[in-house]
Amino acid sequence: MNATTTPPPFRTRDMRWHESERDRMSWYQKAWLRLMRDERDLIFIRRGTNMSLYVIASALVLFWLPTPWVWLAGLLYVPTLFIRYMGRYILMLHATSHRPLFKRNVPLLGEWIPMVLGPFFGQTPTSYYVHHIGMHHGEENLLGDLSTTICYRRDSFTHWLHYWARFFFTGEFHLVNYFRHTGKDRLLRRFLVGEAVWIAGVIGLLFVNWQATFIVFVLPLLLIRVLMMSGNWAQHAFVDMDDPGNPYLASTTLINHRYNFNCYNDGYHVVHHIVPMLHWSEMPGHFEANFAEYAKNDALVFDGIGNNQTVWWCLMTKNYGRLADHLVRYPGDERTREELIAMLKLRTRRTDGRIKRIFEFESDAPIIQEPMAPHWAKRFPPPAATGS
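Chemist: Describe the packing of aromatic side chains, listing the residues and the values that go with them.
Modeler: This structure, assessed with the given rule, holds 31 aromatic pairs. Look at tryptophan 164 and phenylalanine 168: their rings are 5.2 Å apart centre to centre, the planes differ by 20°, and that puts the pair in the stacked class. One end of the pair is tryptophan 164 and the other is phenylalanine 168, both in helix H6 (residues 157-182) and four residues apart, which spans about a single turn. With respect to burial, tryptophan 164 and phenylalanine 168 carry one shared label: buried. A centroid spacing of 5.8 Å and a plane angle of 45° characterise the contact between phenylalanine 238 and phenylalanine 302, whose relative ring orientation is tilted. Taken together, the residues phenylalanine 238 in the loop between helix H7 (185-235) and helix H8 (247-250) and phenylalanine 302 in strand S2 (residues 300-303) connect sequence positions 64 residues apart. Within the aromatic cluster, the residues linked to one another by ring pairs are Phe10, Tyr248, Tyr268, Phe287, Phe291, Tyr294 and Tyr330. Above the plane of the ring of tyrosine 85 lies arginine 84, whose end atom (NZ or CZ) is 6.0 Å from the centre.

Put into structure tokens, the structure is as follows:
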């Protein structure tokens, strides 16, 4: 067989886009194409429409219902929101934060997903973008990252609880401090305006119907921040502390599971950190084409294990056996199951840096941390000498 037609040595069954999908486009989808940057993202139009109809119609009903019916309706609304829509929304927000959905000549449409739908899904209008794009991807889970995992023992529930609490109670203050010290003034203003609008809106709606306001806007925020922090923890739980800046050794890849169909290949987190702007439909192909690099770096690839919360649960229950059973074995890897378990434990239990107290607020900004001077030298070069 010709070398150019030889299939890659490893294939996944995860979500891709095929040209044949054009033949199945409805008139509604075709109407949106002239406004979109990439036809492969029509799934966001379909799902975004369904989400919009569900949350807006449900909110109107909840605000209209009297007590105690609003609480009974909430028992149906919130589980449906999380089970049916939440994961799909959060990863749609993630994908469109990296690759805008709409063309530049329709800027207001681009704000629908984060600013209009966001509060219904526990997201304040601008916080996701500024935190994820403006901070996390600049710091790559190293010690300058406000959501770094490397100073924690990643199979400890008490450590995770501290990680969540520091983010939940003081994360906004540290993010403001980060933007102030890095000179990212536009992101800082965007974040503060978004937070102020959300707070003012929630306070105003509390006077209209405090029960419905809690169910529609406050409870989703409380719950999703638990799920998001457990997800980020799992994605960056197995950091090799000998090379924490290596994306192959700082994250995980989850393949061959419906999670990737539901959430736009979010399991390919190594690919995402190597090529953050890569389209979600191209991630399985990128992984397959670079499989040799994964093998060379002994990157952790879990086949069929589920989503990041599944990995998090395995870590919290110290079920390393299940993790080892789902690991992809590279050619020539002759390690026993026990040796794989030992390797996984080592990767979660080695740490770097110190754990900050939940309410500790550094006046010199949390990004200035002791082992990170070389990392920050390129961002804070010494001032140029001036002549007398």
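Having put the structure on the table, let's press on.
Chemist: Let's hear about a nonpolar patch on the surface: which residues, and what values?
Modeler: Together, Trp71, Ile199, Ile203, Leu206, Phe207 and Trp210 give the surface a local cluster of nonpolar side chains, amounting to about 660 Å² of exposed area. It is H7 that contributes the most residues to the nonpolar patch, five residues altogether. Along the polypeptide, leucine 206 turns up in helix H7.

Chemist: For empty space enclosed by the protein, give the residues involved together with the corresponding values.
Modeler: With the rule as written, the count across this model stands at four cavities of 30 Å³ or more. Surrounding the second largest cavity, 20 residues form its lining, His94, Ala95, Tyr264, Trp280 and Met283 being those nearest its centre. Counting only elements with at least two residues in the lining of the second largest cavity, the list comes to helix H3 (69-98) and helix H10 (269-274). Looking at the lining of the second largest cavity element by element, the count peaks at five residues for H3. A class-by-class count of the residues in the lining of the second largest cavity yields ten nonpolar, seven polar and three charged.

Chemist: Before we move on, can you summarise unusual backbone geometry with the specific residues and values?
Modeler: Omega for the bond connecting threonine 67 with proline 68 falls within 30 degrees of zero, at 5°, which places this linkage in the cis form. Within the chain, asparagine 141 stands out as a residue other than glycine whose phi angle is a positive 65°. With respect to the helices, strands and loops of the structure, asparagine 141 is situated in the loop between helix H5 (127-139) and H6. With phi around 55°, tyrosine 264 is a residue other than glycine that occupies positive phi space. On the secondary structure map, tyrosine 264 appears in the loop between helix H9 (258-262) and H10. Owing to a relative accessible area of 3%, tyrosine 264 belongs among the buried residues under this scheme.

Chemist: Would you mind going over the pattern of salt bridges in detail, with residue names and values included?
Modeler: Between side chains of opposite charge, a pair can form as their charged atoms come close. Tallied over the entire structure, the rule returns 15 salt bridges. A salt bridge links glutamate 288 to arginine 16; its shortest N-O distance comes to 2.4 Å. Taken together, the residues glutamate 288 in helix H11 (residues 283-289) and arginine 16 in the segment before helix H1 (27-33) connect sequence positions 272 residues apart. We note a salt bridge from aspartate 333 to arginine 335, for which the minimum N-O separation is 2.9 Å.

Criteria and cut-off values
Residues numbered from 1 in each chain as written. Predicted model: local features only at pLDDT ≥ 70, side-chain atom pairs only at ≥ 80, totals over all residues. Heavy atoms only, no water. Phe/Tyr/Trp six-rings, centres within 6.5 Å; stacked < 30°, edge-to-face > 60°. Helix = DSSP H or I, 4+ residues; strand = E, 2+ residues; numbered from the N terminus. Buried < 20%, exposed > 50% of the residue type's maximum accessible area, 1.4 Å probe, protein only. Lys NZ or Arg CZ within 6 Å of the ring centre and 35° of its normal. Patch = residues over 30% accessible without salt bridge, like charges linked within 9 Å, V, L, I, M, F, W, Y side chains within 5 Å. Areas by Shrake-Rupley, 256 points an atom, 1.4 Å probe, with all protein chains shown as cover. Salt bridge = Lys/Arg side-chain N within 4 Å of Asp/Glu carboxyl O. 1 Å grid on protein atoms, 1.4 Å probe; cavity = no way out; pocket = protein on both sides within 12 Å on 5 of 7 lines; lining within 4 Å. Points joined across faces, edges and corners; volume = space filled by probe spheres on them. Nonpolar A, V, L, I, M, F, W, Y, C, P; charged D, E, K, R; others polar.

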